[in-house]
Structures are given as C-alpha cells and as structure tokens.
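Here is how the chains run, residue by residue.
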Amino acid sequence: MNHRASWRQHLKNEWLLLAFALLAVLLAVIDPRPLSDHQRWLQGPTLAGLLGLLVAIQGIRDSGLVQHMAGALVARAHSQRVIGLLLVTITALLSMVLTNDVSLFLIVPMTVAIGGISNLPVLRMVILEALAVNAGSTLSPIGNPQNLLLWQYVQLPFVKFVAAMLPVAATMFALVALLTWCWLPKDRVTLHAEQIDGHPVSATQAILSIVALLMMVLMMEHGHALLGAALLLLPFALLDWRLLARVDWLLLATFAAIFLGLGHVAELPLMKRGLDLIDFNQPMNLYVSGIVASQLISNVPATVLLMEHTPDAIALTVAANVGGFGVAIGSLANLIALRLAKQPQGLRLFHLVSIPFLLVCAPITYLVWRWLS
C-alpha cells in the first residue's frame, strides 16, 4: 500500500512530464511529420547544455561550497528583506552575462542552503529569483535564448541592443525589487546554529566543478554543447558515477517532452493560419500577441513562431521577455527554478504571484517602452 501511494505521489510530481509527453505523442499521431522535424524540435544542443550544467552544479553542491557560502552570506545579513534584495540583484546581474538558466543553477541551490540554516522563506525567494532572471536577462543579447535569436536576426550592434532594452529591463527589475521588498518579512535573519556546521568543503571537487561549469558555458556559447556534455560525462562516469545518479534526469526528460510538444504546436497549420489574421504592423497587436503566445507555448517557441511575421524585432523582443512572466511555462527558466528548489506547492504559489505580476508589469512596461522608444 505504501509502495502504491509512493508511486502515485511520484507520478503526481511529474505531471508536467506526463502531460507534455502525451501531447507530443498525440500530435505525432494526429499530424505525422518527418523524423527530421522531431529531431529539430527536440533541440539536442540545448538538452546537452542543460545536462552539462546539471552535472557541474551537482558537483558544486556535493563539494559543500554552496552550503559554506550560504552560511557566510547569512551571517552578514541584517534582515530577510536585505538578503532577499541582495539575492535578487545578484541573480539579475548574473543573468545578463551567464544567461538566465545558468544564473538559476548557481543561485537557487544557495538559496535552498540558506533556507536550511535560517528562517529565510525559500519558496518565496526562489519565485522572486525566477522573476529576477527574466528581468535581468532582458537587457543582454546573450541573456536568454530569445534575445540571442532576435539579436542575430536583427543584426543590431551589442550596445544599441542594450540601449533599446534598458528602459524595459529597468522597469521589470524595479517591479521585481518592489515585490521583493513588500513580500519578504522585515524580520531579522535567525540562524539555526546547529545546522551551520557539518558542511566541510572539498576544495578540489569545488574547483574542478567550477572549472567544469565555466567550460560548459563556453562550449555552449560557441555552439559545442554536445561535445561539452560528453567531455563532462566521461570523467564523472569513470571517477564518480554516484554523482551522475544524483543528477535530475527527470528534469531533462521534462524539457525534452516540452520541446517536442511545443515545437509541434508552433508549426500546426491552424496556428499559422491564425497568425495571418493579425496585423503585426500595430505595436499593440505585436506586443499582446507575443505575450499571449509565450503563455501558450513558452517565449522561445513564440519568438520563433512570430519572428517571420513581425516588422519590428525589438518590439517582439520586449513582448517575449515580458511573456516570460505569468504561467510557469512562459519561460523555461521558471520551471528550472521550481525544479531546483523542490518545494511543496511551488507551482501553485508561483502562479498566485507570477500571473498578477504579469498583469501589472505588462501595461507598465509597454507604456515605458513606447514613451522612451
């Protein structure tokens, strides 16, 4: 009986994987496509990059470095609001140079470790960090996949792209910072002294894992994610296979199912015929379409879907980044943050916060962007 209950709970926790796997199978039956289409939708380099990041971050976790840094940070904090604003700011800044998902792989484990030795509300903080990477990565051409895609498409100089996105990113981050200040308790940080010790740091493992992380980021940036993942997996498989067993393989499977399902949805004839009815020369139409499409199929597939229809790639960039708020699937970084945190009721609380945040952020950001553009 206990085994059955445990299995049912496990399936319940993986409902996202099951739902998108079912969607991918149904679409493959209803709308058969060549194998090459499915391979393209699967985004092998992206999955390989994600695997490499998961392995490197697991090594950093196992080294004890994250727990040590968490203790040092909390020991110097004066209140939960202060440490919350510090983490949100660091997360946003990192996302500008290391991309949104890499930033979360670094910050969320530290946040969970901080929650283990203090009274910081972990789930609230992780949700705020997910919002922060969306705001911070908006500024940089390399901050997230949709920015990189549109930056290459529009061929704008780096500085001009940043200048165009600065008012949008600043508005989004200001709203995230305001939410952080209002939502986190003003109470002092209370340390659980008995849990601070007991986290010895393996300097060798920490250094090797950080080098592996940096190598993986560089390999991804230069289009060699598959090779980078292979170079990481081989030594870990030979020297520390137990670490590979602790990697979240189901997260990788979930993203594979999402890529297959949403990639197919984006190319359905009905979807493309519907787009032909919209006048994308009107900025408001493009803005709303980008946000709505992001809520339905995530902002990267939405960008691919709308890119050839839009006369203004910067307008689409703004819409796709704002569309990362709202439902969790709006940005895959949201799903990464929640999965790394592994907090009960995480998806429910995320939507209770992120959907109202989108409804507030979208009109304000649009007004600022149109006023300053």
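Since we're looking at a predicted model, the values are computed, not measured.

J.: So what's going on with the layout of surface pockets? Residues and values would help.
T.: As a volume, the largest pocket reaches approximately 1,500 Å³. As for the largest pocket, its lining consists of 49 residues, and the residues nearest its centre are Gln 43, Thr 46, Pro 145, Leu 148 and Val 300. Among the residues making up the lining of the largest pocket, the classes are represented as 28 nonpolar, 15 polar and 6 charged.

J.: Can you explain the nonpolar core? Please cite residues and give values.
T.: In terms of nonpolar packing, the biggest core is built from 110 residues, with Ile 83, Phe 105, Ile 114, Phe 255, Tyr 287 and Val 322 touching the most fellow members. No other element matches the 11 residues that helix H8 (residues 122–137) contributes to this core. Residues in contact with Val 322, not counting those within four places in the same chain, are Met 172, Tyr 287, Ile 291, Leu 358, Ala 362 and Thr 365.

J.: I'd like a rundown of the side chain of Asn 134, residues and numbers included.
T.: Looking at the element boundaries, Asn 134 is found in helix H8. In this structure Asn 134 comes out as buried when scored by relative accessible area, which is 3%. One polar contact links the side chain of Asn 134 to the main-chain carbonyl oxygen of Asn 321, over a distance of 2.8 Å. In contact with Asn 134, not counting residues within four places along its chain, are Met 172, Asn 299, Asn 321, Gly 324, Phe 325 and Ser 331.

J.: Mind laying out empty space enclosed by the protein, listing which residues take part and the relevant values?
T.: With the rule as written, the count across this model stands at 1 cavity of 30 Å³ or more. Taken as a whole, the largest cavity encloses approximately 110 Å³ of empty space. Lining the largest cavity we find Leu 54, Ile 57, Gln 58, Arg 61, Phe 105, Arg 246, Val 247, Asp 248, Leu 251, Arg 339, Leu 340 and Lys 342. Broken down by secondary-structure element, the contributors of at least two residues to the lining of the largest cavity are helix H4 (44–63) and helix H20 (332–341). Here the element with the most residues in the lining of the largest cavity is H4; it accounts for 4 residues. Residues of the lining of the largest cavity, tallied by class, amount to 6 nonpolar, 1 polar and 5 charged.

J.: Describe the packing of aromatic side chains, listing the residues and the values that go with them.
T.: Geometrically, a pair of aromatic rings is defined through the distance of the ring centres and the angle of the planes. For the structure shown, the criterion picks out 6 aromatic pairs. Arranged with centres 5.9 Å apart and planes meeting at 85°, the rings of Trp 151 and Phe 158 form a pair that is edge-to-face. Judged by relative accessible area, Trp 151 falls into the partly exposed class, the value being 21%. Both rings, one in Tyr 287 and one in Trp 369, keep their centres 6.4 Å apart while their planes meet at 20°; by these two values the pair is stacked. With Tyr 287 in helix H17 (residues 283–297) and Trp 369 in helix H21 (residues 346–372), this residue pair connects regions lying 82 residues apart in the sequence. A relative accessible area of 4% places Tyr 287 in the buried class. Take Trp 369: its relative accessible area is 6%, and that puts it in the buried class. Taken together, the ring pairs connect Tyr 287, Tyr 366 and Trp 369 into an aromatic cluster. Cation over ring: Arg 81 sits above Trp 181, and NZ or CZ is 4.7 Å from the ring centre. The ring of Trp 369 carries Arg 370 above its face, with NZ or CZ at 5.5 Å from the centroid.

J.: Give a detailed account of the packing of helix H10 (residues 158–183) against helix H19 (residues 313–322), specifying residues and quantitative values.
T.: H19 packs onto H10 with a crossing angle of 30° between their chain directions and a minimal axis gap of 11 Å. The angle between H10 and H19 places the two elements in the roughly parallel class. Crossing angle aside, the handedness with which H10 passes H19 is right-handed. Contacts from Phe 161, Ala 164, Met 165, Val 168 and Met 172 of H10 reach H19 at Ile 314, Thr 317, Val 318, Asn 321 and Val 322. The residue inventory of the contact of H10 with H19, partitioned by class, reads 8 nonpolar, 2 polar and no charged.

Reading the values: the criteria
Residues numbered from 1 in each chain as written. Predicted model: local features only at pLDDT ≥ 70, side-chain atom pairs only at ≥ 80, totals over all residues. Heavy atoms only, no water. 1 Å grid on protein atoms, 1.4 Å probe; cavity = no way out; pocket = protein on both sides within 12 Å on 5 of 7 lines; lining within 4 Å. Points joined across faces, edges and corners; volume = space filled by probe spheres on them. Nonpolar A, V, L, I, M, F, W, Y, C, P; charged D, E, K, R; others polar. Core = buried A, V, L, I, M, F, W, Y, C linked by side-chain atoms within 4.5 Å. Buried < 20%, exposed > 50% of the residue type's maximum accessible area, 1.4 Å probe, protein only. Helix = DSSP H or I, 4+ residues; strand = E, 2+ residues; numbered from the N terminus. Contact = heavy atoms within 4.5 Å. Polar contact = N/O pair within 3.5 Å; in protein donor to acceptor, adjacent residues only side chain to side chain. Phe/Tyr/Trp six-rings, centres within 6.5 Å; stacked < 30°, edge-to-face > 60°. Lys NZ or Arg CZ within 6 Å of the ring centre and 35° of its normal. Axes fitted to C-alpha atoms, helices over the stretch in contact; angles between N-to-C directions. Parallel < 35°, antiparallel > 145°, perpendicular 65-115°, else oblique. Left-handed = near helix turned anticlockwise from the far one by under 90°.

Nothing here speaks to function; it is geometry throughout.
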